Amino acid sequence: MTEPTHKRGLWATRMGFIMAASGSAVGLGNVWKFPYITGQNGGGAFVLVYLICIAVVGLPIMLSEFTLGRKTNLNPVGAFRQLKPGTPWVGIGFTGVLAGFLILSFYGVVGGWTLAYVYKALTHSLDQFANPADAGKFFGGFIANTGEVLFYHALFMGVTIAIVIKGVHAGIEKACDILMPTLVVMLVILMIRALTLDGAMEGLKFYLYPDFSKLSGHSILMAMGQAFFSLSLGMGAMITYGSYLPAKENLTSATLYVVLFDTLIALLMGLVIFPAVFAMGLKPTEGPGLVFSVLPAVFTGMPMGWVVSIIFFVLLAIAALTSAISLLEVVVAYFIDQRGWDRKKAVLTMGLIIFAIGIPSGLSFGVLADFKLFGRHFFDSVDNLTANYLLPIGGMLTAIFVGWVWGTKEAHKEIERHETTFHWAAYWEFVVRYIAPVAVAIVFFAKYFPAK
Ligand code: TRP
């Protein structure tokens, strides 16, 4: 192996990169957010739109981001600046850094919930609910408790900061290697349990049978936003991860692998949650508390439920951490590359500011529940602004940039830089140039035509 010419950390192995990129993608978006927004948006039809968005928007944009990153070896701001200096395209990079900032602010809150649930699982609080409604009440009480929420939020951000200070592969790669396969095994066990509950079929039907009358324009926007959020796209996280790649990397197979893996985890999670929700007589429209209310009820009635609850929440906390790391890394890479800060200063300063901005999100289910911006509490506002607007817009502009400005020809050259043949080049070039940008634009307009 030749030495890299730049000082950036490089992934130790090819698998390490794929694992780390999957670690960024697989997180609370798959396990916590996907089930609850699927539940709120009517089930099957939403899932179908989500899958279409993954294939025609997510997949091409992920490859575009990896390519931009490996070509430039830079953070998102630096990447756009290097390829088209002195043009407004660098704005995509800035929007990305801002989005990373905002997403991590509320992501850290939910990450804190998972840490709290690790503790609660260990102390036998999650495997003794007489009925599922009690599990929901328990969760509601917890997220309204200011002190507890703040404590775990701070803990989660502290761990994220500690890992990111150590730099790219030391921290990130190792964690992901073990986590990902274990998570799949756990989900399969839980899925079998959920599917064998009485009344599970009702849930399967809700989840898999597309009823398009339940789909509004806004649901379509949310499905697309979720595709971006779950794949970590639209704000340069994958540009940043791609920038740590050695040239000898097959970007196309890495893209396929990460997309398939991320989608598999989300779909499996749906197969756990919806059969359980219906079997236990809960409502799928529960909202952000859905997973935290349903799973403890599942653990309660399950053989070895205590052990399973511990393993599950430990895995979820690690999955959340590996995603949070990638969010912080984007912000930090910008301050290191573009502003010349050292890593420690960048991580500590930004980590603390992001924690502070997250506090109102953390209190949105308790003391700040009545504090509304445009009809949403703080947590929902930041979530909605980032997932449904900043990410799709960033992704659309990235597609236009790669498809038309930098050009698919140049991108193609970069993808094939080291003797790999790009088998689906024709599909990719077509979707990046035409389908992805247009699809995002249509979805934005669809929002103004609510179905009924
Ligand atoms: N994809 C992660 C999840 O599903 C969250 C995440 C990490 C993210 N990095 C991101 C979302 C960058 C958008 C952009 O939990």
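The structure under discussion appears in the preceding block.
The notes below deal with the structure included here. (Residues numbered from 1 in each chain as written. Predicted model: local features only at pLDDT ≥ 70, side-chain atom pairs only at ≥ 80, totals over all residues. Heavy atoms only, no water.)

## Description of helix α15 (residues 343–362)
In step 1: For α15, with 20 residues, the first-to-last C-alpha span of 27 Å sits near the 28 Å given by 1.5 Å per residue.
In step 2: For α15, the set of buried residues is Ala-346, Val-347, Met-350, Gly-351, Ile-354, Phe-355, Gly-358, Ser-361 and Gly-362. (Helix = DSSP H or I, 4+ residues; strand = E, 2+ residues; numbered from the N terminus. Expected span 1.5 Å × (residues − 1). Buried < 20%, exposed > 50% of the residue type's maximum accessible area, 1.4 Å probe, protein only.)

## Side note on the packing of helix α3 (residues 44–72) against helix α10 (residues 217–230)
In step 1: As a packed pair, α3 and α10 sit with axes 8 Å apart at the nearest point and diverge in direction by 45°. Classed by the angle they form, the pair α3 and α10 counts as oblique. The element α3 and its partner α10 pack so that their crossing is right-handed. Taking contact as the criterion, the partners of Phe-46, Val-49, Tyr-50, Cys-53, Ile-54, Val-57 and Ile-61 in α3 are, on α10, Ser-219, Ile-220, Met-222, Ala-223, Met-224, Gln-226, Ala-227, Phe-228 and Ser-230.
In step 2: Across the contact of α3 with α10, the residue classes break down as 13 nonpolar, 3 polar and no charged. (Axes fitted to C-alpha atoms, helices over the stretch in contact; angles between N-to-C directions. Parallel < 35°, antiparallel > 145°, perpendicular 65-115°, else oblique. Left-handed = near helix turned anticlockwise from the far one by under 90°. Contact = heavy atoms within 4.5 Å. Nonpolar A, V, L, I, M, F, W, Y, C, P; charged D, E, K, R; others polar.)

## Considerations on unusual backbone geometry
In step 1: The phi dihedral of Asn-73 is positive, around 55°, even though this residue is not glycine.
In step 2: The class of Asn-73 is buried, set by a relative accessible area of 16%.
In step 3: With a phi angle near 60°, Met-304 is a residue other than glycine that sits in the positive phi range.
In step 4: Note on placement: Met-304 falls in the loop between α13 (290–300) and α14 (305–337).

## Section: the nonpolar core
In step 1: Judged by nonpolar contacts, the single largest core of 163 residues is most densely connected at Trp-113 and Phe-312.
In step 2: Each residue touching Trp-113, except ones within four places of it in the same chain, is listed here: Trp-32, Phe-139, Phe-142, Ile-143, Pro-288, Phe-292 and Phe-365. (Core = buried A, V, L, I, M, F, W, Y, C linked by side-chain atoms within 4.5 Å.)

## Points about the packing of aromatic side chains
In step 1: This model, assessed by the stated rule, comprises 41 aromatic pairs.
In step 2: When the centroid spacing of 4.9 Å and the interplanar angle of 75° are considered together, the rings of Tyr-334 and Phe-335 count as edge-to-face.
In step 3: On the basis of relative accessibility, which here comes to 12%, the residue Phe-335 falls in the buried class.
In step 4: Positioned above the aromatic ring of Trp-404 is the side chain of Arg-433, whose terminal nitrogen or guanidinium carbon lies 4.0 Å from the ring centre. (Phe/Tyr/Trp six-rings, centres within 6.5 Å; stacked < 30°, edge-to-face > 60°. Lys NZ or Arg CZ within 6 Å of the ring centre and 35° of its normal.)

## Some remarks on the site of the ligand
In step 1: Taken together, the neighbourhood of the ligand is formed by 17 residues, with Ala-25, Gly-29, Tyr-107, Phe-229 and Ser-232 sitting nearest.
In step 2: Contacts to the ligand include Ser-24, whose backbone N or O atom sits 3.2 Å from a nitrogen atom.
In step 3: Interatomic distance of 2.4 Å between a side-chain N/O atom of Tyr-107 and an oxygen atom of the ligand.
In step 4: Contact with the protein chains covers 100% of the free accessible surface of the ligand, which is 360 Å².
In step 5: Contributions of two or more residues to the shell around the ligand are made by α1 (14–25), α2 (28–40), α5 (90–122), α10 and α14. (Near = heavy atom within 4 Å. Polar contact = N/O pair within 3.5 Å; in protein donor to acceptor, adjacent residues only side chain to side chain. Areas by Shrake-Rupley, 256 points an atom, 1.4 Å probe, with all protein chains shown as cover.)

## Details of the environment of Pro-210
In step 1: The residue Pro-210 is located in the loop between α9 (200–208) and α10 in this model.
In step 2: In this structure Pro-210 comes out as partly exposed when scored by relative accessible area, which is 29%.
In step 3: In this structure the C-alpha to C-alpha distance between Pro-210 and Ile-192, which are 18 residues apart in sequence, comes to 23 Å.
In step 4: The contact partners of Pro-210, leaving out residues within four places of it in the chain, are Gly-44 and Ala-45.

## Section: the pattern of salt bridges
In step 1: Going through the model one piece at a time under the given rule, you end up with 8 salt bridges.
In step 2: Here Glu-148 and Lys-120 are joined by a salt bridge, their closest N and O atoms 2.6 Å apart. Of this pair, Glu-148 sits in helix α7 (residues 146–165) while Lys-120 sits in helix α5, and the two are 28 residues apart along the sequence.
In step 3: For Arg-343, the salt bridge identified is with Glu-329, shortest N-O distance 3.0 Å. You can see Arg-343 sitting in helix α15 and its partner Glu-329 sitting in helix α14, a full 14 residues away along the chain.
In step 4: The exposure class of Glu-329 is buried, given its relative accessible area of 1%.
In step 5: Taken together, the salt bridges that share partners define one network made up of Arg-70, Glu-414 and Arg-417. (Salt bridge = Lys/Arg side-chain N within 4 Å of Asp/Glu carboxyl O.)

## Considerations on the environment of Gly-199
In step 1: In this structure, Gly-199 sits in the loop between α8 (168–195) and α9.
In step 2: Exposure remark for Gly-199: the relative accessible area of 43% places this residue in the partly exposed category.
In step 3: When the C-alpha positions of Gly-199 and Ala-276 are compared, they lie 8.4 Å apart, and in sequence the two are 77 residues distant.
In step 4: The contact partners of Gly-199, leaving out residues within four places of it in the chain, are Phe-278 and Ala-279.

Such coordinate-based values are descriptive only and should not be taken to indicate function.
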